[in-house]
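Below, each chain spelled out in residue letters.
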Amino acid sequence: MHLASLKLTNFKNYELQSLEFSPRLNCLTGLNGMGKTNVLDAVHFLCLCKSHSGLPDKHLIKHETPFFRLEGIFQAENERVKIAVKLQQGQRKEIEREGVAFTRLTDYIGRFPVVMIAPDDISLVQDGSEERRRFLDTTLSQISPGYLQNLLVYNLLLKQRNALLKKFSEEKSFDAALLEAIDRQMPEPAAFLHAQRLELMRDFLPLFREFYIDISNGHEVVDIAYESDLTGKSLRELLNAGLEKDRLLQRTNAGPHRDDLLLQMDGQQVKKFASQGQLKSFLLAMRLAQYEVLRQQKGFAPILLLDDIFDKLDEHRVRQLIGLIIGRNFGQVFITDTQRSRLEGIVASFPGDYKIFDVSEGKVL
């Protein structure tokens with residue numbers, strides 16, 4: 001599976017741009033701020049219906065325009081599929097296949113899996129647990145429509161429960177029956193999320209360790225531990241035991257929305273003790289393991305987006321990463337870089353088809 005073409009209309013700094021891609025390697029070069037990353041984000045949005053940067057959809061619309069539209073042609077074996085995503089100001093986004101709209105997001109996500117490696121991946125380590133849950137959710141949502149459906153159901157119930165707890169506090173009231181109506185619905189989707197995350201980590205961890213060794217040539221012992229309130233307990237038990245605390249704090253203090261990944265190196269927290277080089281190797285290994293899990297589960301290679309990573313890596317890690325991409329026969333790859341000469345050096349060792357695009361002020365040549 002690969003993206004054969006892409007058309008951007010009023011997306012970020014692009015007014016109108018059409019691109020034809022290589023099925024293997026595509027390089028975009030240009031100065032910072034010209035729009036290289038925006039092309040990769042458009043590919044990411046077309047696959048996952050959300051920006052990699054986490055920007056709200058409305059902020060992706062080009063300034064002083066009323067809408068954006070992305071249109072892509074995906075080639076999957078002998079089938080060519082046209083996908084369009086569009087958003088009007090103040091309205092919900094629409095996703096279409098050959099002009100027919102998907103009624104549910106869960107029917108679409110996962111058809112065209114994608115992994116992006118970008119400078120802001122540092123947030124996986126440095127920021128709070130929300131970023132690491134997003135990593136789990138993005139991976140599993142592309143594997144299992146059931147996971148995404150249960151995630152949406154759980155998050156809606158959680159939002160309703162927290163709103164009710166806040167209402168009780170503001171009105172100095174309490175309606176046990178009303179809270180119970182929500183509480184009895186939450187354990188089933190919570191248990192599903194927990195089970196899927198456990199299963200993912202069993203597949204993910206050995207791949208992650210293998211990639212870390214390949215990238216770093218290091219001798220550190222790396223580990224990622226899945227931490228969850230639901231380990232050995234049901235959500236119903238946790239909600240009952242934590243009711244007074246929940247009422248006091250006006251929010252739900254136990255459940256899969258508090259899960260986290262403990263990132264470790266030689267038994268220590270990565271963000272506290274790893275060097276910059278070790279940290280970069282750790283993050284790259286996480287993303288490449290994510291890619292390999294998706295490949296194994298989907299039965300075909302996802303699209304791989306590498307954004308400006310060579311400015312953030314030393315020469316050794318660049319060589320190791322490119323060697324992995326070539327040696328493991330990755331699928332379609334997109335790379336951005338500010339230095340054309342560096343990209344030309346990469347493609348010189350690449351045995352397959354490739355294209356190099358020059359990007360300047362929202363125009364691609």
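Residues numbered from 1 in each chain as written. Predicted model: local features only at pLDDT ≥ 70, side-chain atom pairs only at ≥ 80, totals over all residues. Heavy atoms only, no water.

Novice: What exactly am I supposed to notice about the overall build of the protein here?
Specialist: Scanning the protein from N- to C-terminus turns up twelve helices and 15 strands. Radius of gyration (C-alpha) of the protein: 22 Å, near the 21 Å computed for a compact globule of 365 residues. With the C-alpha coordinates aligned to their principal axes, the bounding extent of the protein is approximately 65 × 55 × 35 Å. Among the 365 residues that make up the protein, the fraction classed as buried is 52%. In the protein, the share of contacts with a sequence separation of at least 24, taken over all contacts with a separation of at least 6, comes to 72%. In the form shown here, the protein has an accessible surface area of approximately 17,000 Å², with 49% of it arising from carbon and sulfur atoms. With 48 positive and 49 negative side-chain charges, the protein shows a spacing of 3 Å between the two charge centroids. (Helix = DSSP H or I, 4+ residues; strand = E, 2+ residues; numbered from the N terminus. Rg over C-alpha atoms; globule rule 2.2 N^0.38 Å. Buried < 20%, exposed > 50% of the residue type's maximum accessible area, 1.4 Å probe, protein only. Contact = heavy atoms within 4.5 Å. Areas by Shrake-Rupley, 256 points an atom, 1.4 Å probe, with all protein chains shown as cover. Lys, Arg positive; Asp, Glu negative; His and termini not counted. Charge placed at Lys NZ, Arg CZ, Asp CG, Glu CD.)

Novice: For this particular structure, what's the right way to read the packing of helix H10 (residues 276–298) against helix H11 (residues 315–327)?
Specialist: The geometry of a pair of packed helices is captured by two quantities: the angle between their axes and the separation between those axes. Relative orientation of the contacting elements H10 and H11 amounts to 15°, with a least axis distance of 12 Å. Between H10 and H11, the crossing angle belongs to the class labelled roughly parallel. The element H10 and its partner H11 pack so that their crossing is right-handed. Contacts from Gly277, Gln278, Ser281, Leu284 and Leu288 of H10 reach H11 at Arg317, Leu321 and Leu324. In the contact of H10 with H11, the residues fall into four nonpolar, three polar and one charged. (Axes fitted to C-alpha atoms, helices over the stretch in contact; angles between N-to-C directions. Parallel < 35°, antiparallel > 145°, perpendicular 65-115°, else oblique. Left-handed = near helix turned anticlockwise from the far one by under 90°. Nonpolar A, V, L, I, M, F, W, Y, C, P; charged D, E, K, R; others polar.)

Novice: Can you walk me through the packing of aromatic side chains in this structure?
Specialist: Centre-to-centre distance and the angle between the planes together describe a pair of aromatic rings. With the rule as written, the count across this model stands at 14 aromatic pairs. On the numbers, 5.7 Å between centres and 75° between planes, the contact of Phe135 with Phe204 is edge-to-face. Here Phe135 is found in helix H3 (residues 129–143), whereas its partner Phe204 is found in helix H6 (residues 187–216), with 69 residues between them in sequence. Considered together, Phe135 and Phe204 belong to a single accessibility category, that of buried residues. (Phe/Tyr/Trp six-rings, centres within 6.5 Å; stacked < 30°, edge-to-face > 60°.)

Novice: Looking at this structure, I do not really get the layout of surface pockets. What am I missing?
Specialist: If you roll a probe as big as a water molecule over the atoms, it shows you where there is empty space left. If you add up the space inside the largest pocket, you get close to 1,100 Å³. As for the largest pocket, its lining consists of 39 residues, of which Lys50, Arg134, Asp137, Thr138 and Leu151 are closest to the centre. Per-element tally for the lining of the largest pocket: the top contributor is H3, with eight residues. (1 Å grid on protein atoms, 1.4 Å probe; cavity = no way out; pocket = protein on both sides within 12 Å on 5 of 7 lines; lining within 4 Å. Points joined across faces, edges and corners; volume = space filled by probe spheres on them.)

Novice: Is there a simple way to explain the state of the cysteines in this structure?
Specialist: Within this structure, the stated rule accounts for zero disulfides. In this model Cys47 remains outside any disulfide bridge; the closest cysteine sulfur is found in Cys49, 9.0 Å from its own. Under the relative-accessibility criterion, Cys47 is labelled buried at 1%. (Disulfide = S-S within 2.5 Å.)

Novice: It is not clear to me how the confidence of the model for the protein should be interpreted in this structure. Could you clarify?
Specialist: Atomic detail in the predicted coordinates should be set aside for any region of low pLDDT. For the protein, per-residue confidence averages 93 on the pLDDT scale, and 100% of positions sit at 70 or higher. Of all secondary-structure elements in the protein, the lowest mean pLDDT belongs to H11, at 78, while strand E1 (residues 2–11) reaches the highest, 98. (pLDDT = per-residue confidence, 0-100.)

Novice: Explain empty space enclosed by the protein to me, please; I cannot follow it from the model alone.
Specialist: Evaluated as defined, the whole model comprises one cavity of 30 Å³ or more. Approximately 40 Å³ is the volume found for the largest cavity. Surrounding the largest cavity, Leu25, Ile322, Ile325, Ile326, Ile335, Ile346 and Phe350 form its lining. Residue contributions to the lining of the largest cavity peak at three residues, all from H11. Of the residues in the lining of the largest cavity, the class split is seven nonpolar, no polar and no charged.

Novice: Explanation requested: the pairing of strand E13 (residues 333–337) in the structure shown.
Specialist: As a general feature of sheets, a regular strand has side chains that alternate between the two faces. Burial of E13 is extensive: five of the five residues sit out of reach of the surface. Along E13, one buried face is formed by Val333, Ile335 and Asp337 and the opposite face, lined by Phe334 and Thr336, is buried too. In terms of strand pairing, strand E3 (residues 25–29) meets E13 through five bridges, oriented parallel. By the bridge assignment for E13, Asn26 is matched with Phe334. (Pairing = 2+ DSSP bridges.)

Novice: Just to check I follow, could you spell out the pattern of salt bridges for this structure?
Specialist: Applying the stated criterion to the full structure yields 22 salt bridges. Its salt-bridge partner being Asp137, residue Arg197 comes within 3.0 Å of it at the nearest N-O pair. Taken as a pair, Arg197 in helix H6 and Asp137 in helix H3 lie far apart in primary sequence, 60 residues in all. Classification of Arg197 as buried rests on a relative accessible area of 2%. When the shortest N-O distance is used, the salt bridge between Asp223 and Arg209 registers 2.8 Å. Taken together, the residues span a long stretch of sequence, with Asp223 in strand E9 (residues 222–227) and Arg209 in helix H6 at a distance of 14 residues. With relative accessibility at 22%, the residue Asp223 sits in the partly exposed group. By sharing partners, the salt bridges in this structure join Glu130, Glu131 and Arg134 into a single network. (Salt bridge = Lys/Arg side-chain N within 4 Å of Asp/Glu carboxyl O.)

Novice: I'm lost on H11 in this one. Help?
Specialist: Along an α-helix, a turn takes 3.6 residues, which lines up residues three or four apart on a common side. Here H11 spans 18 Å end to end across 13 residues, near enough to the 18 Å set by a 1.5 Å rise per residue. Structurally, H11 contributes buried residues whose contacts are with H6, H10, strand E12 (303–307), E13 and helix H12 (340–348). One or two residues past the end of H11 sits Asn329, with phi positive at roughly 55°. (Expected span 1.5 Å × (residues − 1).)

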